[in-house]
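Coordinates in review
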Amino acid sequence: MKRLCVFDLDGTLVNSLGDLADSANFALEKRGFPTHPRELYRYFVGGGIPKLIRRILPQGTSEEEIREVHDLFAREYEIRCLDTTAPYPGILELLEELEKREVGAAVFSNKDHGFAARIVEALFPGQRFAFVQGMGQGMPKKPDPAGMLPHLADLGISPGECLYLGDSGVDMRTANNAGCLAIGVLWGFREREELLENGAAQLICWPLEALDYLD
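The shown structure was predicted, so the numbers you read here are calculated from the model rather than taken from an experiment.

To continue, consider the environment of Leu163. Residue placement: Leu163 occurs in strand E6 (residues 162-166). Residue class for Leu163 comes out buried when judged on its relative accessible area of 0%. For the pair formed by Leu163 and Pro58, sequence separation is 105 residues and the distance between their alpha carbons is 38 Å. When near neighbours in sequence (up to four residues on either side) are disregarded, Leu163 contacts Lys2, Leu4, Cys5, Val6, Leu181, Ile183, Ala210, Tyr213 and Leu214.

Below is the structure:
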């Protein structure tokens, strides 16, 4: 029996693509760089803000310009990170059902920890997450599970007692590196091929399908 369901954030718990894309395009435009269609951002996000900024800038961009675009993005995203970001359909029902079954829920994301905590607090008021862990200084990014494992130890839960739900290959590798059951979600930012190629044990099309893998 699984005791904990750990979620990725962007593309899994919440659809944040619009706010991320709009903030990034704002920063690009301010510095005179070409912007990108919103839909393309599903392939740019997933490795944290520094990696996002490098992916959206032309090759050969100077480190100084990269820092400037990063800072512009961070300031703009601070303003608009909750403009359109919202839970995916079925997520609130899944969280409610997990609570009924006395299965915990948690968040482990490559998003900056401050942004992750703010979004979770705003969009899931009253939801008791066992932990919410975003990226902090000195913490290795996923697919390294190091940011999650101490929380599991504190809870007295082994990785084998966890589902890990995510929408990207990085998430599937994170789950397998930790020893959790890797559940790929098909409502997020990436395709099934990426999930399967990176070790998804199961794929689900609707959040409540995760309940089938608790036993």
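So that's the structure; there's more coming.
Turning to the sheet that holds strand E1 (residues 4-7), a few remarks are in order. Across a sheet, paired strands are connected by hydrogen bonds in the backbone, their directions being either parallel or antiparallel. Overall, parallel pairing links the 6 strands, which are arranged E5-E4-E1-E6-E7-E8 in an open sheet. Two strands bound the open sheet, and with one partner strand each, they are strand E5 (132-135) and strand E8 (202-204). Adjacent strand axes in the sheet meet at a mean angle of 25° when their direction is disregarded. Inspection of the sheet shows E1 paired to E6 by 4 bridges, in the parallel sense. Paired with Leu4 across the bridge in E6 is Cys162. Lying over the sheet, helix H5 (residues 91-100) contacts E1, strand E4 (104-112) and E6, oriented at roughly 155° with respect to E1. In this fold helix H6 (residues 113-123) packs onto E4 and E5, with an angle of close to 140° to the strand it touches most, E4.

Calculation criteria
- Residues numbered from 1 in each chain as written.
- Predicted model: local features only at pLDDT ≥ 70, side-chain atom pairs only at ≥ 80, totals over all residues.
- Heavy atoms only, no water.
- Helix = DSSP H or I, 4+ residues; strand = E, 2+ residues; numbered from the N terminus.
- Buried < 20%, exposed > 50% of the residue type's maximum accessible area, 1.4 Å probe, protein only.
- Contact = heavy atoms within 4.5 Å.
- Pairing = 2+ DSSP bridges.
- Axes fitted to C-alpha atoms, helices over the stretch in contact; angles between N-to-C directions.

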